[in-house]
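# Commentary on secondary and tertiary structure
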Amino acid sequence: MDSAFNNLDATGFFEIWQHFDADDNGYIEGKELDDFFRHMLKKLGPGDDVTEEKVQQLKKRFMSVYDATADGRLQIQELANMILPEDENFLLLFRREAPLDNSVEFMKIWRKYDTDSSGYISAVELKGFLKDLFIKHKKSISPSKMDEYTDAMMKIFDKNKDGRLDLNDLARILALQENFLLQFQMDACSQEERKRDFEKIFSHYDVSQTGALEGPEVDGFVKDMMELVKPSITGPDLDKLRVILLRHCDVNKDGKIQKNELALCLGLKIKQ
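Here is what the cut-offs are and how they apply
- Residues numbered from 1 in each chain as written.
- Predicted model: local features only at pLDDT ≥ 70, side-chain atom pairs only at ≥ 80, totals over all residues.
- Heavy atoms only, no water.
- Helix = DSSP H or I, 4+ residues; strand = E, 2+ residues; numbered from the N terminus.
- Buried < 20%, exposed > 50% of the residue type's maximum accessible area, 1.4 Å probe, protein only.
- Areas by Shrake-Rupley, 256 points an atom, 1.4 Å probe, with all protein chains shown as cover.
- Lys, Arg positive; Asp, Glu negative; His and termini not counted.
- Charge placed at Lys NZ, Arg CZ, Asp CG, Glu CD.
- 1 Å grid on protein atoms, 1.4 Å probe; cavity = no way out; pocket = protein on both sides within 12 Å on 5 of 7 lines; lining within 4 Å.
- Points joined across faces, edges and corners; volume = space filled by probe spheres on them.
- Nonpolar A, V, L, I, M, F, W, Y, C, P; charged D, E, K, R; others polar.
- UniProt positions renumbered as here; feature names shortened; annotations may be inferred.

### Side note on the overall build of the protein
Within the protein, the secondary structure is distributed over 13 helices and 4 strands. Seen along its three principal axes, the alpha-carbon backbone of the protein occupies a region of about 75 × 45 × 30 Å. Among the 272 residues that make up the protein, the fraction classed as buried is 44%. Carbon and sulfur atoms form 51% of the exposed surface of the protein, whose accessible area is close to 14,600 Å². Side chains of the protein carry 39 positive and 51 negative charges; the gap between the two charge centres is 3 Å.

Rendered as C-alpha coordinates:
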(Lines give C-alpha, C1' and ligand atoms only; values in the text may rest on other atoms or scores of the structure.)
Protein backbone atom coordinates (compact mmCIF):
# COMPACT_ATOMS: atom_id res chain seq x y z
CA MET A 1 0.00 0.00 0.00
CA ASP A 2 2.87 2.39 0.82
CA SER A 3 4.10 2.23 -2.78
CA ALA A 4 0.63 3.22 -4.03
CA PHE A 5 0.26 6.31 -1.84
CA ASN A 6 3.74 7.46 -0.91
CA ASN A 7 3.94 10.62 1.21
CA LEU A 8 0.18 11.05 1.30
CA ASP A 9 -0.85 13.83 3.68
CA ALA A 10 -4.23 14.82 5.09
CA THR A 11 -5.00 17.25 2.25
CA GLY A 12 -4.16 14.65 -0.39
CA PHE A 13 -6.26 12.06 1.44
CA PHE A 14 -9.32 14.30 1.55
CA GLU A 15 -8.94 15.02 -2.17
CA ILE A 16 -8.97 11.27 -2.85
CA TRP A 17 -12.03 10.87 -0.63
CA GLN A 18 -13.95 13.65 -2.37
CA HIS A 19 -13.06 12.24 -5.78
CA PHE A 20 -14.28 8.71 -5.12
CA ASP A 21 -17.26 9.54 -2.89
CA ALA A 22 -18.84 10.82 -6.08
CA ASP A 23 -22.39 11.08 -4.73
CA ASP A 24 -21.18 12.75 -1.51
CA ASN A 25 -23.14 10.40 0.76
CA GLY A 26 -20.30 9.71 3.19
CA TYR A 27 -19.36 6.30 1.78
CA ILE A 28 -17.36 4.85 -1.09
CA GLU A 29 -19.57 2.06 -2.38
CA GLY A 30 -20.74 0.22 -5.48
CA LYS A 31 -19.16 1.58 -8.66
CA GLU A 32 -17.21 4.14 -6.59
CA LEU A 33 -15.50 1.27 -4.78
CA ASP A 34 -14.55 -0.47 -8.03
CA ASP A 35 -13.22 2.82 -9.40
CA PHE A 36 -11.09 3.28 -6.27
CA PHE A 37 -9.50 -0.18 -6.47
CA ARG A 38 -8.97 0.24 -10.21
CA HIS A 39 -7.12 3.47 -9.42
CA MET A 40 -5.11 1.67 -6.74
CA LEU A 41 -4.06 -1.08 -9.18
CA LYS A 42 -2.83 1.54 -11.63
CA LYS A 43 -0.81 3.19 -8.85
CA LEU A 44 0.64 -0.15 -7.68
CA GLY A 45 1.66 -1.34 -11.16
CA PRO A 46 1.97 1.47 -13.70
CA GLY A 47 1.78 0.02 -17.21
CA ASP A 48 0.26 -3.28 -16.08
CA ASP A 49 -2.93 -4.54 -17.63
CA VAL A 50 -5.79 -3.72 -15.25
CA THR A 51 -8.51 -6.34 -15.65
CA GLU A 52 -11.88 -6.55 -13.93
CA GLU A 53 -10.77 -9.80 -12.29
CA LYS A 54 -7.72 -8.11 -10.74
CA VAL A 55 -9.88 -5.23 -9.49
CA GLN A 56 -12.31 -7.62 -7.77
CA GLN A 57 -9.48 -9.67 -6.25
CA LEU A 58 -7.82 -6.57 -4.80
CA LYS A 59 -11.15 -5.28 -3.52
CA LYS A 60 -11.95 -8.59 -1.80
CA ARG A 61 -8.49 -8.73 -0.18
CA PHE A 62 -8.54 -5.21 1.22
CA MET A 63 -12.20 -5.06 2.18
CA SER A 64 -11.79 -8.21 4.29
CA VAL A 65 -9.20 -6.34 6.35
CA TYR A 66 -10.38 -2.71 6.37
CA ASP A 67 -14.18 -2.86 6.10
CA ALA A 68 -14.59 -2.84 9.89
CA THR A 69 -18.37 -2.58 9.73
CA ALA A 70 -18.56 -5.42 7.15
CA ASP A 71 -21.19 -3.51 5.16
CA GLY A 72 -19.44 -3.72 1.79
CA ARG A 73 -18.56 -0.04 1.67
CA LEU A 74 -15.84 2.23 3.02
CA GLN A 75 -16.40 4.95 5.61
CA ILE A 76 -13.92 7.80 5.72
CA GLN A 77 -12.10 6.39 8.77
CA GLU A 78 -11.80 2.98 7.10
CA LEU A 79 -10.23 4.53 4.00
CA ALA A 80 -7.86 6.54 6.21
CA ASN A 81 -6.74 3.34 7.95
CA MET A 82 -6.14 1.81 4.53
CA ILE A 83 -4.05 4.48 2.80
CA LEU A 84 -2.77 7.07 5.30
CA PRO A 85 0.55 6.58 7.12
CA GLU A 86 -0.02 6.42 10.88
CA ASP A 87 1.66 9.74 11.63
CA GLU A 88 -0.78 11.49 9.24
CA ASN A 89 -3.88 9.55 10.24
CA PHE A 90 -5.32 11.96 12.80
CA LEU A 91 -8.78 10.47 12.11
CA LEU A 92 -7.61 7.58 14.29
CA LEU A 93 -8.01 9.91 17.27
CA PHE A 94 -11.77 9.90 16.73
CA ARG A 95 -11.95 6.11 16.56
CA ARG A 96 -9.95 5.51 19.73
CA GLU A 97 -12.84 6.90 21.73
CA ALA A 98 -15.88 4.84 22.67
CA PRO A 99 -18.44 5.18 19.84
CA LEU A 100 -20.82 8.10 20.34
CA ASP A 101 -24.15 6.35 20.75
CA ASN A 102 -25.96 9.02 22.75
CA SER A 103 -26.98 12.45 21.45
CA VAL A 104 -26.56 13.85 24.97
CA GLU A 105 -22.78 13.30 24.80
CA PHE A 106 -22.78 14.70 21.28
CA MET A 107 -24.59 17.86 22.43
CA LYS A 108 -22.11 18.34 25.29
CA ILE A 109 -19.35 18.50 22.68
CA TRP A 110 -21.44 20.79 20.45
CA ARG A 111 -22.15 23.26 23.26
CA LYS A 112 -18.52 23.25 24.39
CA TYR A 113 -17.07 24.16 21.00
CA ASP A 114 -19.82 26.42 19.68
CA THR A 115 -18.16 29.04 21.86
CA ASP A 116 -20.08 32.02 20.49
CA SER A 117 -23.43 30.16 20.72
CA SER A 118 -24.10 30.90 17.04
CA GLY A 119 -25.54 27.46 16.36
CA TYR A 120 -22.59 26.61 14.10
CA ILE A 121 -18.94 25.52 14.47
CA SER A 122 -16.59 27.94 12.72
CA ALA A 123 -13.12 27.05 11.43
CA VAL A 124 -11.60 28.70 14.53
CA GLU A 125 -13.87 26.67 16.83
CA LEU A 126 -13.11 23.47 14.91
CA LYS A 127 -9.41 24.14 15.36
CA GLY A 128 -9.98 24.47 19.11
CA PHE A 129 -11.74 21.10 19.09
CA LEU A 130 -8.85 19.45 17.21
CA LYS A 131 -6.26 21.02 19.51
CA ASP A 132 -8.02 19.60 22.57
CA LEU A 133 -8.24 16.21 20.87
CA PHE A 134 -4.48 16.12 20.26
CA ILE A 135 -3.76 17.27 23.83
CA LYS A 136 -6.05 14.56 25.18
CA HIS A 137 -4.09 11.94 23.26
CA LYS A 138 -0.76 13.50 24.30
CA LYS A 139 0.27 14.22 20.71
CA SER A 140 2.13 17.34 19.67
CA ILE A 141 1.39 19.03 16.35
CA SER A 142 2.76 22.08 14.58
CA PRO A 143 0.56 25.12 13.96
CA SER A 144 0.90 24.67 10.18
CA LYS A 145 -0.18 21.03 10.40
CA MET A 146 -3.12 22.00 12.61
CA ASP A 147 -4.16 24.56 9.97
CA GLU A 148 -3.89 21.86 7.29
CA TYR A 149 -6.06 19.41 9.24
CA THR A 150 -8.66 22.08 10.02
CA ASP A 151 -8.86 23.25 6.38
CA ALA A 152 -9.07 19.67 5.10
CA MET A 153 -11.86 18.76 7.52
CA MET A 154 -13.84 21.88 6.67
CA LYS A 155 -13.58 21.03 2.96
CA ILE A 156 -14.85 17.48 3.38
CA PHE A 157 -17.48 17.93 6.11
CA ASP A 158 -18.87 21.40 5.35
CA LYS A 159 -21.54 20.05 3.01
CA ASN A 160 -23.14 23.35 2.01
CA LYS A 161 -19.76 25.10 1.72
CA ASP A 162 -20.65 28.08 3.92
CA GLY A 163 -17.39 27.95 5.89
CA ARG A 164 -18.90 26.49 9.06
CA LEU A 165 -20.20 23.17 10.36
CA ASP A 166 -23.77 22.51 11.41
CA LEU A 167 -25.10 19.78 13.72
CA ASN A 168 -25.21 17.17 10.95
CA ASP A 169 -21.65 17.92 9.81
CA LEU A 170 -20.26 17.38 13.31
CA ALA A 171 -22.36 14.22 13.70
CA ARG A 172 -20.60 12.82 10.61
CA ILE A 173 -17.17 13.70 12.00
CA LEU A 174 -17.89 12.04 15.33
CA ALA A 175 -19.67 9.06 13.73
CA LEU A 176 -22.73 9.55 15.92
CA GLN A 177 -24.76 6.35 16.01
CA GLU A 178 -28.31 5.99 14.70
CA ASN A 179 -31.03 8.10 16.33
CA PHE A 180 -32.09 6.25 19.50
CA LEU A 181 -35.77 7.12 18.97
CA LEU A 182 -35.95 5.28 15.63
CA GLN A 183 -36.45 1.99 17.46
CA PHE A 184 -39.76 3.18 18.95
CA GLN A 185 -43.15 3.57 17.28
CA MET A 186 -45.06 5.24 20.07
CA ASP A 187 -48.09 6.17 17.96
CA ALA A 188 -48.65 2.53 17.06
CA CYS A 189 -48.40 1.14 20.61
CA SER A 190 -50.92 0.46 23.35
CA GLN A 191 -50.87 2.68 26.45
CA GLU A 192 -49.01 0.00 28.39
CA GLU A 193 -46.37 -0.39 25.69
CA ARG A 194 -46.00 3.38 25.46
CA LYS A 195 -45.31 3.56 29.20
CA ARG A 196 -42.67 0.84 28.88
CA ASP A 197 -41.03 2.64 25.96
CA PHE A 198 -41.21 5.96 27.80
CA GLU A 199 -39.19 4.47 30.70
CA LYS A 200 -36.49 3.33 28.26
CA ILE A 201 -36.43 6.68 26.50
CA PHE A 202 -36.25 8.79 29.65
CA SER A 203 -33.51 6.58 31.09
CA HIS A 204 -31.48 6.94 27.89
CA TYR A 205 -31.51 10.75 27.95
CA ASP A 206 -31.29 11.13 31.74
CA VAL A 207 -27.53 10.49 31.59
CA SER A 208 -26.96 12.15 34.98
CA GLN A 209 -29.68 9.92 36.51
CA THR A 210 -31.25 12.81 38.42
CA GLY A 211 -34.83 12.11 37.35
CA ALA A 212 -34.89 15.28 35.25
CA LEU A 213 -33.56 16.29 31.84
CA GLU A 214 -31.39 19.41 31.87
CA GLY A 215 -28.83 21.15 29.68
CA PRO A 216 -27.42 18.82 27.01
CA GLU A 217 -29.90 16.11 28.06
CA VAL A 218 -32.74 18.32 26.84
CA ASP A 219 -30.68 19.18 23.74
CA GLY A 220 -30.08 15.52 22.94
CA PHE A 221 -33.75 14.64 23.32
CA VAL A 222 -34.87 17.60 21.19
CA LYS A 223 -32.31 16.78 18.49
CA ASP A 224 -33.40 13.16 18.16
CA MET A 225 -37.10 13.93 18.42
CA MET A 226 -37.05 16.62 15.73
CA GLU A 227 -34.86 14.58 13.39
CA LEU A 228 -37.68 12.05 13.20
CA VAL A 229 -39.61 14.66 11.22
CA LYS A 230 -36.84 16.81 9.79
CA PRO A 231 -33.63 14.85 9.10
CA SER A 232 -31.39 17.92 8.88
CA ILE A 233 -31.81 20.46 11.65
CA THR A 234 -29.43 23.33 12.36
CA GLY A 235 -28.17 24.62 15.68
CA PRO A 236 -30.55 27.64 15.55
CA ASP A 237 -33.45 25.24 14.76
CA LEU A 238 -32.57 23.19 17.81
CA ASP A 239 -32.37 26.25 20.06
CA LYS A 240 -35.85 27.39 18.98
CA LEU A 241 -37.35 23.94 19.51
CA ARG A 242 -35.68 23.66 22.90
CA VAL A 243 -37.39 26.87 24.03
CA ILE A 244 -40.74 25.59 22.78
CA LEU A 245 -40.34 22.24 24.55
CA LEU A 246 -39.39 23.90 27.85
CA ARG A 247 -42.29 26.33 27.54
CA HIS A 248 -44.77 23.47 27.16
CA CYS A 249 -43.24 20.83 29.44
CA ASP A 250 -41.37 22.68 32.20
CA VAL A 251 -44.42 23.17 34.42
CA ASN A 252 -42.53 24.33 37.53
CA LYS A 253 -40.23 26.62 35.46
CA ASP A 254 -36.95 25.32 36.94
CA GLY A 255 -35.24 25.05 33.54
CA LYS A 256 -35.43 21.26 33.65
CA ILE A 257 -37.91 18.69 32.42
CA GLN A 258 -38.91 16.39 35.24
CA LYS A 259 -39.88 12.83 34.39
CA ASN A 260 -43.55 13.43 35.23
CA GLU A 261 -43.52 16.67 33.22
CA LEU A 262 -42.30 14.92 30.07
CA ALA A 263 -44.81 12.11 30.59
CA LEU A 264 -47.58 14.68 30.86
CA CYS A 265 -46.44 16.33 27.61
CA LEU A 266 -46.61 12.97 25.89
CA GLY A 267 -50.04 12.21 27.28
CA LEU A 268 -48.91 9.53 29.71
CA LYS A 269 -49.70 8.95 33.36
CA ILE A 270 -46.86 7.40 35.31
CA LYS A 271 -46.39 6.44 38.94
CA GLN A 272 -44.24 8.85 40.95
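### Observations concerning the layout of surface pockets
Put simply, the largest pocket is a space of about 900 Å³. Taken together, 31 residues line the largest pocket, and the ones lying closest to its centre are Tyr27, Ala171, Arg172, Ala175 and Leu176. If you list the elements that add at least two residues to the lining of the largest pocket, you get helix 4 (76-83), helix 8 (143-157), helix 9 (167-173) and helix 11 (216-227). For the lining of the largest pocket, the class distribution of residues is 13 nonpolar, 10 polar and 8 charged.

### Points about the UniProt feature "domain: EF-hand" (unreviewed entry) in the protein
Residues annotated in UniProt with the feature "domain: EF-hand" (unreviewed entry) correspond here to residues 8-43, 101-136, 145-180, 193-228 and 236-272. Here residues 8-43 runs as 67% helix and 0% strand, with 13 Å between its end C-alpha atoms.

### Considering empty space enclosed by the protein
A probe matching the size of a water molecule, rolled over the atoms, marks out where space remains unfilled. Applying the stated criterion across every chain, the model contains 1 cavity of 30 Å³ or more. By volume, the largest cavity is sized at about 40 Å³. As for the largest cavity, its lining consists of Asp101, Asn102, Ser103, Leu176, Gln177, Glu178, Asn179, Phe180, His204 and Asp224. Split into classes, the residues belonging to the lining of the largest cavity amount to 2 nonpolar, 5 polar and 3 charged.

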